[in-house]
Structures are given as structure tokens and as C-alpha cells.
Amino acid sequence: MGISENIIKLKEELPDGVELVAVSKTYPPEDILKAYDAGQRVFGESRPQEMKAKREQLPEDIRWHMIGHLQTNKVKYIAPFVDLVHSVDSDRLLAEIDRQAARCGRKIDVLLEVHIAREESKHGWDAEELKAYIAGGGTAAYGNVRIRGLMGIATFTEDTEAVRGEFTRLRELYDGLRAGGFGPEFDTLSMGMTGDYRTAIECGSTMVRIGSMIFGERDYA
């Protein structure tokens, strides 16, 4: 099947309330356009300059999500237009997004990334550290960001039950924070990729990030 057919099939499978982010990193604009023509409007990138370059070549109504690790010195490239930043993993990054959003006259939606995997190479807040940060008013200091929810990346493993446990813990943290003071805007739980999105949905994900299942295997060369 082609890209358009893959998008249509995926959207038919996803339950109501689960949004699809088509992960378009490394794929060319012409592939993104095929997904766009099939009705997809939300695309995820991991490199700010690549996102900015693609935006300039593609339809204006695309909603661009930053899903990869974001360095503070790269925020300026995407601040004028990014729809959602999934990967906020520190107060320092949150402060810079707030600063750049103010400079652009915007309020930028963000997700707080939580480290749930067994791999140390993954980024994100420790769950207890994040709870203490929020309880101490950390996120309240920034008026130009809107905290929309949490994001997490599970361990890369074929052990489905281990992945299920990681997603379940993230869902429990999300529910606790949502009940503890965040308003109705705190409505997004981004977890699940091509290999584990079905498990993520079973665990309560509201947003899945899928790339190779749509566009085919990546060529990192």
C-alpha cells in the first residue's frame, strides 16, 4: 500500500479521541504531501531546521509538532509557528520556549516529557521530580506556554507487558496531575509509536506518533 492508503487505514483503526501525528522526520516534502492529500494535517519532526524548511514548502494549514529532543538554542527556529512541543524535559527549556513565544506574541502549547523507559539514553523528567516541580509552582511562572499534558517513550523491546507497565505508570501520573490542579486544557497524553501504539491506546493514550508504518522505512543516509 502507498502513503495515502496507509493514512486512511490507520485513521479507520484509531478510536475516537486518539489523534494521529504522522512522524515525517527524514522524509521528503513530496511524501508529506501524499499524506496531506489523504487528509492528514498533523506532522511530527525532530529537527527544528528541517521542520522550518519543510514548512516553507508545504501547505500553510499543516500543524507542525516538535517530537524530538529540543535544544534551547534551536527554539527560535520553530517558535513563530510550532503547534505543539512534545519534548519539554527541563525548566530551562520551558523558560526558553516561554521567552521565544513572548517574542513572537504567541502562547505555545507544550507537553512535559517523562522518562519512563529503562534506557538511560531517553530524555525526560523523573516522575517524582516532575511532581515536586509542579507542586512548587514551576510551570506557573511562564505565561506564554500552555501545559497541555505529558509525553513518554517506552523501552524499545518486544516485551509487551514491560511496555504496558511503563505506559500505565505514565497514565497514572497524567491522571494524578490532571486531578491535582491543571485545568481542562491539560488533555493530551502522547504515547505510542509504530511498534507499540496499540498497547499505548489500550493504556489511555490520546495521541500516537507513527512514521515508518505510514511512510516506509527511513533512509538515514
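Please refer to the structure placed before this passage.
Just so it is clear, the model here is predicted, and its values are computed rather than measured.

Thresholds, definitions, all that
- Residues numbered from 1 in each chain as written.
- Predicted model: local features only at pLDDT ≥ 70, side-chain atom pairs only at ≥ 80, totals over all residues.
- Heavy atoms only, no water.
- Helix = DSSP H or I, 4+ residues; strand = E, 2+ residues; numbered from the N terminus.
- Rg over C-alpha atoms; globule rule 2.2 N^0.38 Å.
- Buried < 20%, exposed > 50% of the residue type's maximum accessible area, 1.4 Å probe, protein only.
- Areas by Shrake-Rupley, 256 points an atom, 1.4 Å probe, with all protein chains shown as cover.
- Polar contact = N/O pair within 3.5 Å; in protein donor to acceptor, adjacent residues only side chain to side chain.
- Contact = heavy atoms within 4.5 Å.
- Arc of directions from axis to C-beta.
- Expected span 1.5 Å × (residues − 1).
- Salt bridge = Lys/Arg side-chain N within 4 Å of Asp/Glu carboxyl O.
- Axes fitted to C-alpha atoms, helices over the stretch in contact; angles between N-to-C directions.
- Parallel < 35°, antiparallel > 145°, perpendicular 65-115°, else oblique.
- Left-handed = near helix turned anticlockwise from the far one by under 90°.
- Nonpolar A, V, L, I, M, F, W, Y, C, P; charged D, E, K, R; others polar.

A. Structural view of the overall build of the protein. Looking only at helices and strands, the protein features nine helices and eight strands. Computed over its C-alpha atoms, the radius of gyration of the protein comes to 17 Å, within 12% of the 17 Å expected for a compact globule of 221 residues. Projected onto its principal axes, the C-alpha coordinates of the protein cover approximately 50 × 45 × 35 Å. Per-residue burial for the protein yields a buried fraction of 50% across its 221 residues. Carbon and sulfur atoms make up 47% of the accessible area of the protein, which totals about 10,600 Å².

B. Structural detail: the side chain of threonine 206. Structurally, threonine 206 is set in the loop between α8 (197-202) and β8 (207-210). In this structure the side chain of threonine 206 is engaged in a polar contact, spanning 2.8 Å, whose partner is the backbone nitrogen of leucine 189. The residues contacting threonine 206, other than those within four sequence positions of it, are Gly17, Val18, Glu19, Asp187, Thr188 and Leu189.

C. Seen up close, helix α2 (residues 29-37). Among the residues of α2, those classed as buried are Pro29, Asp31, Ile32, Ala35 and Tyr36. Buried residues of α2 fall within an arc of 160° about the axis and therefore sit on the same side. In this fold, the buried residues of α2 make contact with α1 (3-13), β2 (42-45), α3 (48-55), β3 (63-66) and α9 (212-215). Of the residues flanking the end of α2, it is glycine 39, one or two places downstream, whose phi is positive at about 105°.

D. Here's a closer look at the environment of valine 23. In this structure, valine 23 sits in strand β1 (residues 19-23). You can call valine 23 buried: its relative accessible area is 6%. C-alpha of valine 23 to C-alpha of methionine 213: the two residues are 190 residues apart in sequence and 9.5 Å apart in space. Ignoring anything within four residues of it in the chain, the contact list for valine 23 reads Gly44, Ile67, Arg209, Ile210, Gly211, Phe215 and Arg218.

E. View of helix α5 (residues 91-104). Taking 1.5 Å per residue, 14 residues should reach 20 Å; α5 reaches 20 Å between its end C-alpha atoms and fits that length. Along α5, the residues that are buried comprise Leu93, Leu94, Glu96, Ile97, Asp98, Gln100 and Ala101. Against α4 (75-78), β4 (84-88), β5 (108-114), α6 (127-135) and β6 (145-152) lie the buried residues of α5.

F. Highlighting the pattern of salt bridges. Summed over all chains, the structure comprises 17 salt bridges. We note a salt bridge from arginine 118 to glutamate 166, for which the minimum N-O separation is 4.0 Å. With arginine 118 in the loop between β5 and α6 and glutamate 166 in helix α7 (residues 160-179), this pair connects stretches of sequence that are 48 residues apart. Residue glutamate 166 is classed as buried on the basis of its relative accessible area, which comes to 2%. A single salt-bridge network, built from bridges that share partners, covers Asp109, Arg146, Arg148, Glu185 and Asp187.

G. Region of interest: the packing of α1 against α2. Where α1 meets α2, the closest approach of the two axes is 8 Å, and the angle between their N-to-C directions is 45°. Considered as vectors, α1 and α2 are oriented oblique to each other. Where α1 crosses over α2, the two elements pack in a sense that is right-handed. On α2, the residues touching Ile3, Ser4 and Ile7 of α1 are Asp31, Lys34 and Ala35. Split into classes, the residues belonging to the contact of α1 with α2 amount to three nonpolar, one polar and two charged.

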